[in-house]
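Here are the chains, one letter per residue:
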Amino acid sequence: MQATVYLDRGTFFHRLDPRGKMVALAAFFVIALAFNHPAYAAGTWVAIVAVAAAARSLGNLWRIRALLIMLFVFATVLWPFFVTGPTPLLRFGPVTASRESLLYGLAVGLRLSAMVAGGMVFMSATMVEELAHGLRRFGVPFAVSFALAAAVRLVPTFLGSSSAVVEAQKSRGLDLESGNIFARLRKHVPVLVPVFVTAIRSTDLTAMALESKGFGAHKRRTYYLELRMRAADWVCLALALAAAAGAVYARLQGYGEVLPRL
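My aim in this report is to walk through the structure given alongside it, one point at a time. (Residues numbered from 1 in each chain as written. Predicted model: local features only at pLDDT ≥ 70, side-chain atom pairs only at ≥ 80, totals over all residues. Heavy atoms only, no water.)

### As for the overall build of the chain
Point 1. Looking only at helices and strands, the chain has eleven helices and two strands in total.
Point 2. Starting at the N terminus and walking to the C terminus, you meet the elements of the chain as α-α-α-α-α-β-β-α-α-α-α-α-α.
Point 3. The principal-axis extent of the C-alpha atoms belonging to the chain is close to 65 × 60 × 30 Å.
Point 4. Relative to its 262 residues, the chain shows a buried fraction of 35%.
Point 5. Of all intrachain contacts in the chain linking residues separated by at least 6 positions in sequence, the fraction that spans at least 24 positions is 75%.
Point 6. Per element, the accessible surface of the chain, about 15700 Å² overall, is 69% carbon and sulfur.
Point 7. Side-chain charges in the chain split into 27 positive and 13 negative, and the spacing between the mean points of these groups amounts to 2 Å. (Helix = DSSP H or I, 4+ residues; strand = E, 2+ residues; numbered from the N terminus. Buried < 20%, exposed > 50% of the residue type's maximum accessible area, 1.4 Å probe, protein only. Contact = heavy atoms within 4.5 Å. Areas by Shrake-Rupley, 256 points an atom, 1.4 Å probe, with all protein chains shown as cover. Lys, Arg positive; Asp, Glu negative; His and termini not counted. Charge placed at Lys NZ, Arg CZ, Asp CG, Glu CD.)

### Some words on unusual backbone geometry
Point 1. Here Arg-56, not a glycine, exhibits a phi torsion of approximately 55°, which is positive.
Point 2. Note that Arg-56 resides in the loop between helix H3 (38-54) and helix H4 (58-63).

### With respect to the layout of surface pockets
Point 1. In this structure, the largest pocket encloses a volume near 630 Å³.
Point 2. Along its surface, the largest pocket is lined by 27 residues, and Phe-13, Ala-24, Phe-28, Val-51 and Ala-240 are the ones closest to its centre.
Point 3. Counting only elements with at least two residues in the lining of the largest pocket, the list comes to helix H2 (18-34), H3, helix H6 (99-124) and helix H11 (231-252).
Point 4. At seven residues, the largest contribution of residues to the lining of the largest pocket is made by H2.
Point 5. Its residues assigned to classes, the lining of the largest pocket shows 19 nonpolar, five polar and three charged.
Point 6. Looking at the second largest pocket, it is lined by 19 residues, and the ones nearest its centre are Val-5, Ile-64, Met-120, Val-155 and Leu-159.
Point 7. Counting only elements with at least two residues in the lining of the second largest pocket, the list comes to H2, helix H5 (65-78), H6, helix H7 (128-137) and helix H8 (142-171).
Point 8. Counting residues per element, the lining of the second largest pocket draws most heavily on H8, at five residues. (1 Å grid on protein atoms, 1.4 Å probe; cavity = no way out; pocket = protein on both sides within 12 Å on 5 of 7 lines; lining within 4 Å. Points joined across faces, edges and corners; volume = space filled by probe spheres on them. Nonpolar A, V, L, I, M, F, W, Y, C, P; charged D, E, K, R; others polar.)

### Quick look at the side chain of Ser-113
Point 1. Note that Ser-113 resides in helix H6.
Point 2. The exposure class of Ser-113 is buried, given its relative accessible area of 2%.
Point 3. In this structure the side chain of Ser-113 is engaged in a polar contact, spanning 3.0 Å, whose partner is the backbone oxygen of Leu-110. (Polar contact = N/O pair within 3.5 Å; in protein donor to acceptor, adjacent residues only side chain to side chain.)

### Quick notes on the pattern of salt bridges
Oppositely charged side chains are able to pair whenever their charged atoms sit close together.
Point 1. For the structure shown, the criterion picks out four salt bridges.
Point 2. Asp-17 is the salt-bridge partner of Arg-19, the closest N and O atoms lying 2.9 Å from each other.
Point 3. A salt bridge links Glu-100 to Arg-99, with the nearest nitrogen and oxygen atoms 3.9 Å apart.
Point 4. A relative accessible area of 9% places Glu-100 in the buried class. (Salt bridge = Lys/Arg side-chain N within 4 Å of Asp/Glu carboxyl O.)

### What about the pairing of strand S1 (residues 88-92)?
Point 1. Little of S1 is tucked away, with zero of its five residues classed as buried.
Point 2. In this structure, S1 lies alongside strand S2 (residues 95-98), joined through four bridges in antiparallel fashion. Considered in S2, the bridge of Pro-88 is made with Ser-98. (Pairing = 2+ DSSP bridges.)

### Here we look at the packing of aromatic side chains
Point 1. Enumeration over the complete set of coordinates arrives at seven aromatic pairs.
Point 2. Aromatic pair Phe-35 and Tyr-40: ring centres 5.0 Å apart, planes at 35°, arrangement tilted.
Point 3. Centre to centre, the rings of Phe-142 and Phe-146 are 5.9 Å apart; their planes meet at 35°, and the pair counts as tilted. You can see Phe-142 and its partner Phe-146 sitting in helix H8, four residues apart, about one turn around the helix.
Point 4. Linked through ring pairs, Phe-142, Phe-146 and Phe-215 together constitute an aromatic cluster. (Phe/Tyr/Trp six-rings, centres within 6.5 Å; stacked < 30°, edge-to-face > 60°.)

### Comments concerning the nonpolar core
Point 1. In terms of nonpolar packing, the biggest core is built from 21 residues, with Trp-45, Ile-48, Leu-61, Ala-117, Phe-122 and Leu-131 touching the most fellow members.
Point 2. At the level of elements, H2, H3, H6 and H7 are the ones that each hand at least two residues to this core.
Point 3. No other element matches H6, which puts eight residues into this core.
Point 4. Beyond its immediate stretch of four places on either side in the chain, Ala-117 contacts Trp-45, Ile-48, Leu-61 and Leu-68.
Point 5. Judged by nonpolar contacts, the second largest core, of eight residues, contains Ala-27, Ala-34, Phe-35 and Ala-247. (Core = buried A, V, L, I, M, F, W, Y, C linked by side-chain atoms within 4.5 Å.)

Remember, this is a structural readout, not a statement about activity or role.
In structure tokens form, the structure reads like this:
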């Protein structure tokens, strides 16, 4: 399994300053949350697929397709039963699903999956070191930025360990493919124990390695990476902020709204 989600493609988006990309990602989240009409929410997917294609990161979106589909399906199916609208369509006992709630559920599924896809495209075009340094330049304490960067770096490692444990258990005769969903969950218990033990051991080894290198001994730090906002960074930042402000203004004017809620 690939040890990191970063893809060294050298595209325009890879060369942007990580601070600008972080702000642009936050602006994308604002745009995704601004509308609760599925047609507008689908527009965020068009935008993120276009950016992923330009950043040559569509492969990473394909890798997490199961997660994206699961988010979309669960949100689309469940949300209509938690909100109400003026046009009832379906009734299941005391619960009524309306036309507006169905559209709202569809929009929530689209924008949740789009936000996860946006984060994946961001990580595909940003090195973990750039992320940590960018957070420091935003004033985040070094220990916090390092912990976040380490967490991002360790996720693929843990996924690789999980895959290795699953293959090892399958070679011993463990069948994870048959049975209903509850039977499959129960069969994963022998997989979870060694995965957790491996994760704790890896974390402990990392902590010992950091302490042996004097982590936190000096408050003043030097960095190999030098971040500098260029004209392209400022232009992209301005476009992202303008798009977010425009989305909020459009929503306040009543565009992209199925129900009067977030």
